[in-house]
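The residues making up each chain are set out below.
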Amino acid sequence: MWNSIKKGFEFVTRVMVGGNEPDADSSDFSPETGTATADVDTDILDNAIDNRDRAVKLIVDTMKSAIGTTASALAHLVIWVQVDSPDYDPLAYAWADDKMLDNLRLALDNAMLEAVGAGSITLRFAVKEDIKASRTVVKNALYCSWQIPEPETHTDGHNNARISLISGSGSLEQEYYILDGEKKSVYHIGRGHTGQHSGSYRINDIVIENAPADETAMQANSFVSSAHADIIYRNNRFYLKACPGGCRSTGGSPTKLIHNEKALELSDVHSMHPINHGDMIELGKSVLLLFSSDKQ
């Protein structure tokens, strides 16, 4: 099985480099028979650097029909990585990282595909049934789709919000925190007053207590990173975004947004998720914050 998978990727790579392109999509082409097949169900694991390069080449190849276009519908590209379970091992997908997105942007530009992902390129990890794919790159492994951004709205007023703690779920340094979108566009959330993110220090605006006296709170807070998440104010509303310390795909603890009693785990550190009045934010395993907005 492993050798068959490896041969399949080596064949696709040789075809792309050599320019002898198969008639079928690269994800459905069999190196053994030279015909289309549905048997290439694979994860692209071998070496993180090699597989990162292979993934980029395969994604670019699926976009070739868009060479030269300026279509705005292609501006926000989503790369879906299929994982085996919601509690997947991030090391098994080490090739799917920020470096891959950087390499992909460069490769798209070099291939005259500047319109593809011109606005954003987002990486998402999901089990098969949760993937919203419009284009298959590698069956049962890698997919692409496009998202339509919410239209920008401009109003005369601005939005204030409040962050407070759900009782018994940890501890904050203050009873509550006021978010004023007119005064500040990014509010950092983390354990302690300072945190490290991408090699630089940051000051947290919403502070989870680092050493609470209560033992239960101490245990709950211990699963919160010093650079866990951000609340971002844009276009008159607030959004939640995970930081590396608050995202399991980057080796951190989970961050979840709970809306209408349904929890959504933030699967990457690039996407922003709108927060509504009454939503809860779960940090780590049990710290729960309540978001209350002036605009209900």
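What you are looking at is a predicted structure, and each value in this text was computed from that prediction instead of being measured.

Undergrad: Quick one: what's the story with the overall build of the protein chain, residue by residue and with numbers?
TA: Tallying secondary structure elements over the protein chain gives 4 helices and 17 strands in all. Across the protein chain, contacts joining residues at least 24 apart in sequence account for 63% of those joining residues at least 6 apart. By element, 49% of the accessible surface of the protein chain is carried by carbon and sulfur atoms, the whole surface being about 15400 Å².

Undergrad: Residue-level account of the environment of Asp50, with values.
TA: Mapped onto the elements, Asp50 comes out in helix H2 (residues 48-62). Sequence-wise, Asp50 and Trp95 are 45 residues apart; in three dimensions their C-alpha atoms are separated by 8.2 Å.

Undergrad: Run through the packing of aromatic side chains, naming residues and quoting values.
TA: In total, this model carries 4 aromatic pairs according to the counting rule given. Relative to Tyr93, the ring of Tyr88 lies with its centre 5.5 Å away and its plane at 85 degrees, an arrangement referred to as edge-to-face. As far as burial versus exposure is concerned, Tyr88 and Tyr93 are alike and both buried. On the basis of an interplanar angle of 55 degrees and a centroid distance of 4.8 Å, the ring pair of Tyr233 and Phe238 is categorised as tilted.

Undergrad: Please provide a residue-by-residue account of helix H3 (residues 98-110), values included.
TA: In a regular helix each residue adds 1.5 Å, so 13 residues correspond to 18 Å; H3 covers 19 Å between its end C-alpha atoms and thus fits that length. All of the buried residues in H3 are Met100, Leu101, Leu104 and Leu108. Along the axis of H3, the buried residues cluster in a sector spanning 95 degrees; they form a single face. The exposed residues of H3 that point more than 90 degrees off its buried face are Asp102, Leu106 and Asn110. Where H3 begins, one side-chain oxygen reaches toward the backbone nitrogen of Lys99, 3.3 Å away; that side chain belongs to Asp97. Positive phi shows up at Met112, right after H3, with a value of about 60 degrees.

Undergrad: Tell me about the nonpolar core, and name the residues and values.
TA: By size, the foremost hydrophobic cluster in this structure holds 31 residues, and its most contacted members are Ile79, Leu104 and Leu142. No other element matches H2, which puts 5 residues into this core. When sequence neighbours within four positions are dropped, the list of residues in contact with Leu104 reads Val56, Ile59, Val60, Leu77, Ile79 and Ile121. By size, the runner-up hydrophobic cluster in this structure holds 28 residues, among which are Ile163, Val207, Tyr233 and Leu289.

Undergrad: Explain the sheet that holds strand S17 (residues 287-293) residue by residue, including any values.
TA: An order of S6-S5-S17-S16-S13-S14 is seen for the 6 strands of this open sheet, with the pairing classed as antiparallel. Every other strand in the sheet has two partners, leaving strand S6 (176-180) and strand S14 (262-265) as the edge strands with one partner each. Averaged over all adjacent pairs, the angle separating strand axes in this sheet is 25 degrees, with direction ignored. Note that strand S13 (residues 255-259) and S14 share 4 bridges and pair antiparallel. Within S14, the position partnered with Leu257 by the bridge is Leu264.

Undergrad: Residue-level account of the pattern of salt bridges, with values.
TA: In total, this model carries 8 salt bridges according to the counting rule given. The salt bridge partner of Arg248 is Asp87, with a shortest N-O separation of 3.1 Å. Of this pair, Arg248 sits in the loop between strand S12 (237-242) and S13 while Asp87 sits in the loop between strand S1 (76-82) and H3, and the two are 161 residues apart along the sequence. By relative accessible area, which is 27% here, Arg248 ends up partly exposed. Among the residues examined, Asp87 registers a relative accessible area of 59% and is labelled exposed. A salt bridge links Glu265 to Arg248, with the shortest nitrogen-to-oxygen separation between them at 2.6 Å. Of the two residues, Glu265 is situated in strand S14 and Arg248 in the loop between S12 and S13; the sequence distance between them amounts to 17 residues. One network of salt bridges, in which partners are shared, links Asp87, Arg248 and Glu265.

Undergrad: How would you summarise the side chain of Ser169 if you had to cite specific residues and measurements?
TA: For Ser169, the position within the fold is in the loop between strand S5 (160-165) and S6. For Ser169, a relative accessible area of 7% puts it in the buried group. Within the structure, Ser169 has its side chain in polar contact with the backbone nitrogen of Leu288 (distance 3.2 Å). The residues contacting Ser169, other than those within four sequence positions of it, are Ala220, Ser286, Val287 and Leu288.

Calculation notes
Residues numbered from 1 in each chain as written. Predicted model: local features only at pLDDT ≥ 70, side-chain atom pairs only at ≥ 80, totals over all residues. Heavy atoms only, no water. Helix = DSSP H or I, 4+ residues; strand = E, 2+ residues; numbered from the N terminus. Contact = heavy atoms within 4.5 Å. Areas by Shrake-Rupley, 256 points an atom, 1.4 Å probe, with all protein chains shown as cover. Phe/Tyr/Trp six-rings, centres within 6.5 Å; stacked < 30°, edge-to-face > 60°. Buried < 20%, exposed > 50% of the residue type's maximum accessible area, 1.4 Å probe, protein only. Expected span 1.5 Å × (residues − 1). Arc of directions from axis to C-beta. Polar contact = N/O pair within 3.5 Å; in protein donor to acceptor, adjacent residues only side chain to side chain. Core = buried A, V, L, I, M, F, W, Y, C linked by side-chain atoms within 4.5 Å. Pairing = 2+ DSSP bridges. Axes fitted to C-alpha atoms, helices over the stretch in contact; angles between N-to-C directions. Salt bridge = Lys/Arg side-chain N within 4 Å of Asp/Glu carboxyl O.

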